[in-house]
Amino acid sequence: MSIKININNTKYEIPERLTVDQYSKAIQFDWTDPKYYPMIVSQLTGAPIKLLMQAKKQAMTLAIALVVKAMNTRQECKMMDLDSMTFGQFVDLDTYIVQGLDTHFKSITKILAPKAKYADEAMWAIDQYASFRIYTYRQYSSLFGLDEPRYDGEDTEITDKQATARSWYKIIVGLAHNNILQLDAVTEQPLKKVLNFMALQKEQQLEENQRKLKERRQY
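This write-up is about the structure you can find in this document. Residue positions within a chain follow its written sequence, with the count starting from 1. pLDDT decides what is reported in this predicted model: residues at 70 or higher carry local features, side-chain atom pairs at 80 or more are listed and counted, and totals for whole chains, interfaces and linings draw on all residues regardless. The side-chain quantities take in all heavy atoms of the structure and omit both hydrogens and water.

**Concerning the pattern of salt bridges**
Two side chains that carry opposite charge are able to pair once their charged atoms sit near each other.
Next up, step 1: Put simply, a salt bridge is a Lys or Arg side-chain nitrogen that is within 4 Å of an Asp or Glu carboxyl oxygen. Within the structure shown, the criterion is met by eight salt bridges.
Next up, step 2: When the shortest N-O distance is used, the salt bridge between D120 and R17 registers 2.9 Å. Taken as a pair, D120 in helix α7 (residues 119-139) and R17 in the loop between β2 (10-14) and α1 (20-26) lie far apart in primary sequence, 103 residues in all.
Next up, step 3: Among the residues examined, R17 registers a relative accessible area of 33% and is labelled partly exposed.
Next up, step 4: Of the charged contacts, one joins K25 and D21 as a salt bridge, the two residues approaching to 3.3 Å between their closest N and O atoms. We count a stretch as a helix when DSSP gives it H or I for four or more residues in a row; a strand needs E for two or more, and each element gets its number in order from the N terminus. Here the term buried applies to any residue with accessible area under 20% of the maximum for its type, exposed to any over 50%, and partly exposed to those in between, with areas from a 1.4 Å probe on protein chains only.

Right, here's the structure in full:
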């Protein structure tokens, strides 16, 4: 059953399920600022923005509440097998997640659930990936430096959203031995294969550092 709101004696339908495209457009706005409500509702209902700007506050609040309800819904769908994810896909998704759903929602969906038509399906897939991402980081906590002590007051918030992309690119270039022709070969490798290799490399480097430190102390 469709849900309609009455704005200045004209009825507009609020979609019960947002499409991927509708959701992508809706999250471009600042939802904490009521001045954007007319733009959000206009994107989803087709109502003229000028008319919505003249609408009663109660009607706009109801419309936004219905939209939020639709956005919080989840529906299971067919998605990629996370265990067969490539290193390149993980890097892309990690970069997109850090940079924000508001700018990369459709790109993330295209990787995780390319056949998803509705946002509730895409968000279900994203939730599954979010759990997988956390599990992967914890599984390779030493590799990612999560076991290293942090000082009191140390700021761990990412302020430069491009920093993650640059860091991953440096890693890919390093694994490709600075050979541009080998970049794709690296990103097409299975995720766990690459992470296991990187973890071994770091372990060997730490052992080498300890050996050199021991030698300096002896002399």
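**Quick word on the side chain of D94**
Next up, step 1: Residue position: D94 is located in helix α5 (residues 87-99).
Next up, step 2: Beyond its immediate chain neighbours, meaning those up to four positions away, D94 contacts Y129, R133, Y137, T164 and W168. Every residue pair with non-hydrogen atoms within 4.5 Å of one another is taken to be in contact.

**Here we look at the packing of α5 against helix α6 (residues 101-112)**
Two quantities define a packed helix pair, namely the angle between the helix axes and the distance between the axes.
Next up, step 1: Relative orientation of the contacting elements α5 and α6 amounts to 155°, with a least axis distance of 8 Å. Comparing their axes, α6 and α5 come out roughly antiparallel. Crossing of α5 over α6 shows left-handed handedness. Of the residues in α6, those touching α5 at Q89, D92, L93, Y96, I97 and Q99 are D102, T103, H104, S107, I108, I111 and L112.
Next up, step 2: By residue class, the composition of the contact of α5 with α6 is six nonpolar, five polar and two charged. Every axis in this analysis is a line fitted to C-alpha atoms, fitted for helices over the stretch in contact. Angles between the N-to-C directions lie between 0 and 180 degrees. For this classification, under 35 degrees means roughly parallel, over 145 means roughly antiparallel, 65 to 115 means roughly perpendicular, and everything else is oblique. The sense of a crossing depends on the near helix, which, turned anticlockwise from the far helix by less than a right angle, makes the crossing left-handed and, turned clockwise, makes it right-handed. Classification convention: Asp, Glu, Lys, Arg as charged; Ala, Val, Leu, Ile, Met, Phe, Trp, Tyr, Cys, Pro as nonpolar; all other residues, Gly among them, as polar.

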